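Observations on the three-dimensional arrangement
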Amino acid sequence: MTIRERLSGGLNNFLDRFGYAFIRINREYVPFRFVSHRGETYGYEDISCPDTLAPWLIDEEFKEVYNLVKGNTLVENYRCYELFQLVREVSRLPGDILEVGVWQGGTGVVLATAAKRWKPEARVWLCDTFTGVVKAGERDSQYVGGEHADTSIEIVNDLVARAQLDNVMILEGIFPEETAAQIDAAHIALCHVDVDVYESAAEIVRWVEPRMVSGACLVFDDYGYSSCRGITKLVDELRDAGTWIYIFNLNKHAILIKR
Ligand SMILES: C[S@@+](CC[C@H](N)C(=O)[O-])C[C@H]1O[C@@H](n2cnc3c(N)ncnc32)[C@H](O)[C@@H]1O
């Protein structure tokens, strides 16, 4: 590590701890930083990618659904577009679609709209506690439990109705122990994991992996996001285990494809 990197690392450990309040107040720009967390060093960098193909600007059906859901999601159009397209990619595989971590329903409705178009036989299972994040632990950064409780099953039902979808099944409770038994699908072709913390995500993987055939897809939101280091750790462990083909997308998605 260079002296410049060491200095940046020290400053940014401090900034990480104080949640960037310092930067926001002073309007300073810090393009990269290093952070130590539980004995591991993570590097973070602000990146941009000029002149990139941007199909999310062109695809009318995607634009329509994104305009409908954007007030109900924490996920921006790039990741929503990727979810939309991944449904198409798994459309020839057997199985339903599962999302754990629904909040107000935005990404779930994106998935269900894509399924209506490309995988009409599939049901889309949307699972959430509707009382916020659970199972936060020492592997996680920032999350302590209870975040994102500002939702309800009624909010999601209302969005599903406005999107005119009839392929959605909403399950309320902690996944998998309180709700997974209601999922009667033999296979899951695509699973979107958006639960913010290590243990919840790890239990989803344990439940879903035996139900996935070769080519099925696990998408992790928040991979690489400094507030969700538990998700980064879990995905890196899964990558190293070798069961999955690992794709690191710079938009804060990790995509794992079953070998
Ligand atoms: C970041 S939000 C999901 C955001 C959503 N996908 C969107 O479109 O903005 C995370 C959600 O995960 C849910 N959650 C976390 N762990 C869970 C678990 N084990 N079972 C069910 N829901 C869980 C929380 O209740 C919260 O609503």
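Here, every reference points to the structure presented above.
Everything in this summary refers to the structure shown in the same document. (Residues numbered from 1 in each chain as written. Predicted model: local features only at pLDDT ≥ 70, side-chain atom pairs only at ≥ 80, totals over all residues.)

Attention shifts here to the environment of glutamate 199. Residue position: glutamate 199 is located in helix 7 (residues 198–208). A count of 16 C-beta atoms within 10 Å places glutamate 199 in the partly exposed class. Taking the C-alpha atoms as reference points, glutamate 199 and arginine 139, separated by 60 residues in sequence, lie 8.6 Å from one another. Contact partners of glutamate 199, with chain neighbours within four places excluded, come to Lys135 and Gly137. (Helix = DSSP H or I, 4+ residues; strand = E, 2+ residues; numbered from the N terminus. Buried ≥ 20, exposed ≤ 12 C-beta atoms within 10 Å, placed from the backbone. Contact = placed C-beta atoms within 7 Å.)

Moving on to helix 4 (residues 77–89). Between its first and last C-alpha, helix 4 extends 18 Å over 13 residues, near the 18 Å set by a 1.5 Å rise per residue. Looking at the buried side of helix 4, the elements it contacts are helix 3 (60–69), strand 3 (96–100), helix 5 (106–118), strand 6 (188–193), strand 7 (217–221) and strand 9 (253–258). (Expected span 1.5 Å × (residues − 1).)

Lining the immediate environment of the ligand, one finds 24 residues, of which Thr73, Gly101, Trp103, Gly106 and Thr107 sit closest. Sorting the residues of the shell around the ligand by element identifies helix 5 and strand 4 (124–128) as the ones contributing at least two each. Of the residues in the shell around the ligand, the class split is eleven nonpolar, nine polar and four charged. (Near = placed C-beta within 6 Å. Nonpolar A, V, L, I, M, F, W, Y, C, P; charged D, E, K, R; others polar.)

Mapping glycine 173 onto the fold places it in the loop between strand 5 (168–172) and strand 6. Residue classification places glycine 173 among the partly exposed positions, given that 15 C-beta atoms sit within 10 Å. With 46 residues separating them along the chain, glycine 173 and cysteine 127 place their C-alpha atoms 7.3 Å apart. Residues contacting glycine 173, with those up to four places away along its chain left out, are Thr129, Glu178 and Thr179.

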